Amino acid sequence: MDFNIDNLWVLEIAGVEIWITRTIVNTWIIMLLLSALAIFVRIKLKSFKEIPKGFQNAVEAVVETFDNFVKNSGGEKLMPLGKWFFTVFVFIFSSSISGVFGLRPPTADWATTFALAFATFILIHSMGVKYRKTEYLKGFFEPHPIFFPLNFIGELATPISLSFRLFGNVLAGLILMTLYYSLVPLVLQLGIPAVLHGYFDLLMGAIQTYIFGVLSIMFIRGAAE
Amino acid sequence: MQDPLAFIIAIAHIAAALASLNGILTTLGQGKVASTAIESMARQPEASDSIRSAMFIGLAMGETSGIYGLLIAIIMLFANPLVSIYIQQMAG
């Protein structure tokens, strides 16, 4: 039974130890695959025609569905952020899928999910300041300046709850799968894990990706409007 | 008490089990959210898309407390601060 984040090797640069963990290596693998896919689509983009067919049809359907999704849940103002959220969606979902192929999902490490949630945190406040300026900053002192600490802590809680939600779900699936693999005899490890992987990695991964994206867009919209 | 370390570990396991118990109430709450959403979808099928997205957000918000309980249980089992404090005191 092993679901720890293993430390694969330690680099030492100018006296500072940098730990290359399994999370980092798996993130690199996923980044490599996604970048290869992106370059492949970019090369194919040159031969795209006016009337979509085959592969072009699939790519356009994905992009259009996602644009509509951002427009519906975030409004016209947040449309420029659609590209960022598409990246986040693809990354979270493909890191959930990587559990099927025996990799340890990078999102089962709080560092990864906190980085994503911290980006949302920065977006919330920069969009709030960009679209509502001083009115937004005034919102921290309402209904009375005495409430400032409470509002401030409430804002800090947003990225923490966002990141823990994703992290806890993925980690729970990982622990249950590891327990299953280490507890049952070999005969039972033949077909049943496929169902469990389908539930914990694919279904839960898709739902959690959706939840993370929708909640981020909602928080940003709440600050921007 | 023969071995204080064993006692600390046993108590930590009981605490992890208690922390996981909050799943009962979380599940009840999520079941209520889902059942109400299905009821309103049956009443107004044309509004089911917006009801569904609101339901997912409600489920996610309700799930947070369950996730916190799970994390407390995991910390109790695998990263327990009390055990390391005890070991440090024994060494020191």
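Before reading further, recall that the structure is shown in the block above.
Presented here is a report on the structure given in the accompanying data block. Worth saying up front: this structure is predicted, and the values here are computed from it rather than measured.

What to know about the overall build of chain B
Across its full length, chain B carries four helices and zero strands. If you list the helices and strands of chain B from N to C, you get α-α-α-α. Relative to the compact-globule value of 12 Å for 92 residues, chain B shows a C-alpha radius of gyration of 21 Å, a clear excess of over 25%. Each principal axis of the C-alpha atoms in chain B carries an extent, and together these give about 70 × 20 × 10 Å. Out of the 92 residues belonging to chain B, those deemed buried represent 26%. Within the structure as shown, chain B displays about 6100 Å² of accessible surface, and the carbon and sulfur contribution to it stands at 71%.

Concerning the pattern of salt bridges
All names here are of chain A. Taken as a whole, this structure holds three salt bridges over all chains when the rule is applied. Note that E225 is salt-bridged to R221, the shortest N-O span being 3.4 Å. The class of E225 is partly exposed, set by a relative accessible area of 49%. Relative accessible area serves as the criterion here: at 30%, R221 is assigned to the partly exposed category.

A few points about helix α2 (residues 55–74) of chain A
Residues and elements named next belong to chain A. In a regular helix each residue adds 1.5 Å, so 20 residues correspond to 28 Å; α2 covers 28 Å between its end C-alpha atoms and thus fits that length. Here α2 has its buried residues at Q56, V59, F66, F69, V70, S73 and G74. Turning to α2, the residues buried within the fold contact α1 (22–45), α3 (82–97) and α7 (192–224). Two residues or fewer after α2 comes G75, characterised by a positive phi angle close to 85°.

Looking at the interface of chain B and chain A
Much of the literature gives interface size as the accessible area that the parts lose upon coming together. Contacts between chain B and chain A engage 13 residues on the former and 18 residues on the latter. Across the interface of chain B and chain A, roughly 1300 Å² is buried in total on both sides, 80% from carbon and sulfur atoms. Taken together, the links from chain B to chain A amount to zero salt bridges. Counting every contact that joins chain B to chain A gives two residue pairs in polar contact (both at pLDDT 80 or more). Looking at the side of chain B that touches chain A residue by residue, the class counts come to ten nonpolar, two polar and one charged.

Remarks on the packing of aromatic side chains
The geometry of an aromatic ring pair comes down to the distance between the two centres and the angle between the two planes. All told, the structure shown has 19 aromatic pairs over all chains when counted by the stated rule. Aromatic side chains A:F66 and A:F86 sit 5.2 Å apart centroid to centroid with 70° between the ring planes, which places their arrangement in the edge-to-face category. Note that A:F66 is positioned in helix α2 and A:F86 in helix α3, a separation of 20 residues in sequence. Take A:F66: its relative accessible area is 9%, and that puts it in the buried class. Aromatic ring contacts, followed pair by pair, group A:W110, A:F114, A:F118, A:F121, A:F164, A:F167 and B:Y68 into a single cluster.

Remarks on the nonpolar core
Burial of nonpolar side chains together is a common tendency in soluble globular proteins. Counting 40 residues, the largest nonpolar core has A:F69, A:L81, A:L171, A:F212 and A:I220 as the members making the most contacts within it. Considering each element in turn, this core owes the most residues, eight residues, to α7(A). Each residue touching A:L81, except ones within four places of it in the same chain, is listed here: A:L123, A:M127 and A:I220. In this structure, B:A37, B:I51, B:M55 and B:L59 belong to the second largest nonpolar core, which totals five residues.

Considering the pairing of strand β2 (residues 16–21) of chain A
All names here are of chain A. Where strand β1 (residues 7–13) lies against β2, six bridges are found, and the strand directions are antiparallel. Bridge pairing in β2 places L11 opposite I18. Between the end of β1 and the start of β2, which pair antiparallel, lie two residues, with A14 showing a positive phi angle near 55°.

So, the side chain of A:T112
Residue and element names in this part refer to chain A. For T112, the position within the fold is in helix α4 (residues 110–132). What makes T112 buried here is its relative accessible area of 14%. Ignoring sequence-local partners within four residues, the contact set of T112 consists of T23, F91, P106 and T107.

Re the packing of helix α6 (residues 148–183) of chain A against helix α3 (residues 48–78) of chain B
It is the contact of α6(A) with α3(B), at a shortest axis distance of 9 Å, that shows an interaxial angle of 60°. In terms of their interaxial angle, α6(A) and α3(B) are classed as oblique. Like other packed secondary-structure pairs, α6(A) and α3(B) cross with a definite hand, here left-handed. Counted together, A:S161, A:F164, A:R165, A:F167, A:G168, A:N169, A:L171, A:A172 and A:I175 of α6(A) and B:A60, B:M61, B:E63, B:T64, B:I67, B:Y68, B:L70, B:L71 and B:I74 of α3(B) form the full contact between these two elements. Among the residues making up the contact of α6(A) with α3(B), the classes are represented as twelve nonpolar, four polar and two charged.

Focus on α6(A)
With 36 residues, α6(A) should cover 52 Å at 1.5 Å per step; its first-to-last C-alpha distance of 51 Å lies within 8% of that length. The principal kink in α6(A), of about 25°, is found at A:A157, preceding the proline A:P159 by one to four residues.

Cut-offs applied
- Residues numbered from 1 in each chain as written.
- Chains lettered and ligands numbered in written order.
- Predicted model: local features only at pLDDT ≥ 70, side-chain atom pairs only at ≥ 80, totals over all residues.
- Heavy atoms only, no water.
- Helix = DSSP H or I, 4+ residues; strand = E, 2+ residues; numbered from the N terminus.
- Rg over C-alpha atoms; globule rule 2.2 N^0.38 Å.
- Buried < 20%, exposed > 50% of the residue type's maximum accessible area, 1.4 Å probe, protein only.
- Areas by Shrake-Rupley, 256 points an atom, 1.4 Å probe, with all protein chains shown as cover.
- Salt bridge = Lys/Arg side-chain N within 4 Å of Asp/Glu carboxyl O.
- Expected span 1.5 Å × (residues − 1).
- Contact = heavy atoms within 4.5 Å.
- Buried area = accessible area lost by both parts, 1.4 Å probe.
- Polar contact = N/O pair within 3.5 Å; in protein donor to acceptor, adjacent residues only side chain to side chain.
- Nonpolar A, V, L, I, M, F, W, Y, C, P; charged D, E, K, R; others polar.
- Phe/Tyr/Trp six-rings, centres within 6.5 Å; stacked < 30°, edge-to-face > 60°.
- Core = buried A, V, L, I, M, F, W, Y, C linked by side-chain atoms within 4.5 Å.
- Pairing = 2+ DSSP bridges.
- Axes fitted to C-alpha atoms, helices over the stretch in contact; angles between N-to-C directions.
- Parallel < 35°, antiparallel > 145°, perpendicular 65-115°, else oblique.
- Left-handed = near helix turned anticlockwise from the far one by under 90°.
- Bend = angle between axes of the 7 residues up to and from the residue.

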